[in-house]
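Analysis of the macromolecular model
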Amino acid sequence: MILNNRSKSAYSLHTPFTFNLLSKFVLLLVCCMSLPSKATTLMSGELSRHLKATNYGAKADNRWAMPDAKEQEIFYAVFKSFFAQNYPLASELAKDIGYRVIEFKDTKTDKKYYLLQEIAQLPSPDFKGGGTFVYNPDGLNATLQAPHPKRDTFTGTQSIDAFLYTQAKLLMLAGTRRDSSHTLSTCTNGKYQASDVAHQTDSFFNIAHKYISDYDDSSVFIQYHGFGKTTLAKLQNQCNTDNPLMLNLSESVRYATAENEHSLLHELKRNVEKEGKIKACVYGNDTKSLGGTWNVQARYTNGSSNTCSSSSVASSKRFIHLEQSYSVRKYHRDEMQIHLKAALEAYLK
């Protein structure tokens, strides 16, 4: 009995020494967890090559899985911690939705980036197609998005290269082709497949967009899209051009904008026009088609009353729906990233 009392006294957590030691340990643990350099997985190599190796699946493969309410709630907490550079917390939370945080050292530039990426990749049966998010802590206050990285040919590759060239803050890549799903999205009048994250609010892609849009109202978004021959002919006719190298720039609102205004859209248009090779037309000014008014990310940032069903009535001047002809996407990606960098630097200075 005496031995038991002495034993309790010797190991009691209430002794000053033990309590102080424990307090210091807890404080050290908290400090360590808040350090931005800590991440679950360490990788190195060419970031561009790593990202471009992503398998987006095939048309109608039905591999995209809509996250349920609980998964969306967890992803929000994960992304919030990820963007706050609390990578240990983001890593721990991410396990519950099959994600991991990667600290990636790009050996080509000797820079560090942070990736939020699904662990299971195709053809794994555990793959859900939630997408990949790349964070550059020192980047310009811009987010580049590729909601259709495979179906809008070359926009995935283009957004990756432009992210690295412009040194934007965030890159968002959808996880599958836009036409992966057999079912239709309940948003935008059921005209698009559920896997099309530009027309779907129940996706990790949209949650990340909403968080960034709310976090800083000076942040801007460039979302990459592409159009084919039939649409090219229609837009050429509307914009009075025969140039096959064509852009249709939009803020996703149905009204004209002033050509001389200080906006990212018109900064980009002016930079493209300086070179004189690519024709840059503006939806609402020059064209009346393919303006991205059904885009749920644009609607959110533009303050739509219901992103699923209602178009934006006013522009926040923060979102560009960038439509490009095939020839621009295939042969002139380098020029486009030069124009974008100049526009971003002029607008964000």
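Before reading further, recall that the structure is shown in the block above.
As the structure is a computational prediction, the values presented were derived from the model and not from experiment. (Residues numbered from 1 in each chain as written. Predicted model: local features only at pLDDT ≥ 70, side-chain atom pairs only at ≥ 80, totals over all residues. Heavy atoms only, no water.)

Using the criterion set out here, one finds three cavities of 30 Å³ or more in the structure. Looking at the largest cavity, its volume works out to about 80 Å³. Thr54, Tyr56, Gln117, Glu118, Gln121, Phe127, Gly131, Thr132, Leu173, Ala174 and Gly175 are the residues that line the largest cavity. A breakdown of the residues in the lining of the largest cavity according to their chemical character gives four nonpolar, six polar and one charged. (1 Å grid on protein atoms, 1.4 Å probe; cavity = no way out; pocket = protein on both sides within 12 Å on 5 of 7 lines; lining within 4 Å. Points joined across faces, edges and corners; volume = space filled by probe spheres on them. Nonpolar A, V, L, I, M, F, W, Y, C, P; charged D, E, K, R; others polar.)

Our next topic: the packing of helix H4 (residues 69-83) against helix H5 (residues 87-94). In the contact formed by H4 and H5, the axes pass within 8 Å of each other and the chain directions differ by 160°. Regarding the angle of H4 to H5, the classification is roughly antiparallel. For the pair H4 and H5, the crossing hand works out as left-handed. For the pair H4 and H5, the contacting residues are Ile74, Ala77, Val78, Ser81 and Phe82 in the first and Tyr87, Leu89, Ala90, Leu93 and Ala94 in the second. Of the residues that constitute the contact of H4 with H5, the class distribution is nine nonpolar, one polar and no charged. (Axes fitted to C-alpha atoms, helices over the stretch in contact; angles between N-to-C directions. Helix = DSSP H or I, 4+ residues; strand = E, 2+ residues; numbered from the N terminus. Parallel < 35°, antiparallel > 145°, perpendicular 65-115°, else oblique. Left-handed = near helix turned anticlockwise from the far one by under 90°. Contact = heavy atoms within 4.5 Å.)

On inspection of all chains with the given rule, the structure shows two disulfides. Paired through a disulfide, Cys187 and Cys308 show a sulfur-sulfur distance of 1.9 Å. Here Cys308 lies in the loop between helix H10 (296-301) and strand S10 (319-325) and Cys187 lies in the loop between strand S6 (168-173) and helix H7 (204-215), a separation of 121 residues in the sequence. What makes Cys187 buried here is its relative accessible area of 0%. Put simply, Cys239 and Cys281 are joined by a disulfide, and their sulfur atoms are 1.9 Å apart. Between Cys239 and Cys281, the S-S torsion sits near -95°, and that sign places the bridge as left-handed. Of this pair, Cys239 sits in helix H8 (residues 229-239) while Cys281 sits in strand S9 (residues 279-282), and the two are 42 residues apart along the sequence. (Disulfide = S-S within 2.5 Å. Buried < 20%, exposed > 50% of the residue type's maximum accessible area, 1.4 Å probe, protein only.)

Attention shifts here to the layout of surface pockets. Taking a probe equal in size to a water molecule and rolling it over the atoms shows the remaining empty space. When its volume is computed, the largest pocket comes out at roughly 450 Å³. Lining the largest pocket are 23 residues, with Arg178, Tyr192, Gly226, Leu290 and Glu323 sitting closest to its centre. Those elements that place two or more of their residues in the lining of the largest pocket are strand S7 (220-227) and S10. Taken together, the residues that form the lining of the largest pocket break down as five nonpolar, twelve polar and six charged. The set of elements that each furnish at least two residues to the lining of the second largest pocket consists of helix H3 (47-52), strand S3 (111-118) and helix H6 (155-166). Broken down by element, the residue count for the lining of the second largest pocket peaks at three residues, all from H6. Partitioning the lining of the second largest pocket into residue classes produces four nonpolar, three polar and five charged.

Of all seven residues in S10, seven are buried; the element is thus mostly enclosed. In S10, alternate side chains face the same way, and those of Phe319, His321, Glu323 and Ser325 on one face and Ile320, Leu322 and Gln324 on the other are all buried. Strand direction decides the pairing type here: S7 and S10, joined by seven bridges, are parallel. Within S10, the position partnered with His225 by the bridge is Glu323. Pairing analysis gives four bridges linking strand S8 (residues 246-250) to S10, with the strands arranged antiparallel. What sits directly across from Ser250, in S10, is His321. (Pairing = 2+ DSSP bridges.)

Moving on, we come to the nonpolar core. Formed by 39 residues in total, the largest nonpolar core has its most connected members in Leu144, Ile222, Leu247 and Leu322. The element best represented in this core is helix H12 (residues 333-348), accounting for five residues. Aside from chain neighbours lying at most four places away, what touches Leu247 is Val272, Ile278, Lys279, Ala280, Cys281, Leu322, Glu323, Gln324, Val328 and Met336. By size, the runner-up hydrophobic cluster in this structure holds 31 residues, among which are Tyr87, Leu170, Ala194 and Phe205. (Core = buried A, V, L, I, M, F, W, Y, C linked by side-chain atoms within 4.5 Å.)

If you walk across this open sheet you meet the ten strands as S1-S2-S3-S4-S6-S5-S7-S10-S8-S9, and the pairing is mixed. This sheet does not close on itself; its edge strands, each paired only once, are strand S1 (41-45) and S9. On average, each strand axis in the sheet is tilted by 20° relative to the strand beside it, whichever way the strands run. Docked against the sheet, H4 engages strand S2 (99-106), S3, strand S4 (132-135) and S6, running at close to 175° with respect to S3. Against the sheet, H8 touches S7, S8, S9 and S10, its axis set at about 75° to S8.

This part covers unusual backbone geometry. Glycine aside, residues mostly have negative phi, and peptide bonds are mostly found in the trans state. The peptide bond linking Leu122 to Pro123 adopts the cis configuration, its omega dihedral lying at 10°. In this structure, Pro123 sits in the loop between S3 and S4. One non-glycine residue, Asn62, adopts positive backbone phi at about 60°. On the secondary structure map, Asn62 appears in the loop between H3 and H4.

Let's shift gears to the packing of aromatic side chains. Per the counting criterion, the structure on display carries 20 aromatic pairs. Between the aromatic rings of Phe79 and Phe83, the centroid separation amounts to 6.2 Å while the plane-to-plane angle is 15°, which identifies the pairing as stacked. Here Phe83 and Phe79 lie together in helix H4, a separation of four residues that amounts to about one turn. Judged by relative accessible area, Phe79 falls into the buried class, the value being 0%. Phe83 sits in the buried class, given a relative accessible area of 7%. An angle of 50° between the planes, with centres 5.9 Å apart, marks the rings of Phe154 and Tyr326 as tilted. Residue Phe154 is found in the loop between strand S5 (140-146) and H6, and its partner Tyr326 is found in helix H11 (residues 326-331); the two are separated by 172 residues along the sequence. By relative accessible area, which is 24% here, Phe154 ends up partly exposed. Taking relative accessible area as the criterion, Tyr326 reaches 37% and is therefore assigned partly exposed. Positioned above the aromatic ring of Tyr113 is the side chain of Lys111, whose terminal nitrogen or guanidinium carbon lies 5.5 Å from the ring centre. Lying over the aromatic face of Tyr165, Lys341 brings its terminal NZ or CZ to 5.0 Å of the ring centre. (Phe/Tyr/Trp six-rings, centres within 6.5 Å; stacked < 30°, edge-to-face > 60°. Lys NZ or Arg CZ within 6 Å of the ring centre and 35° of its normal.)

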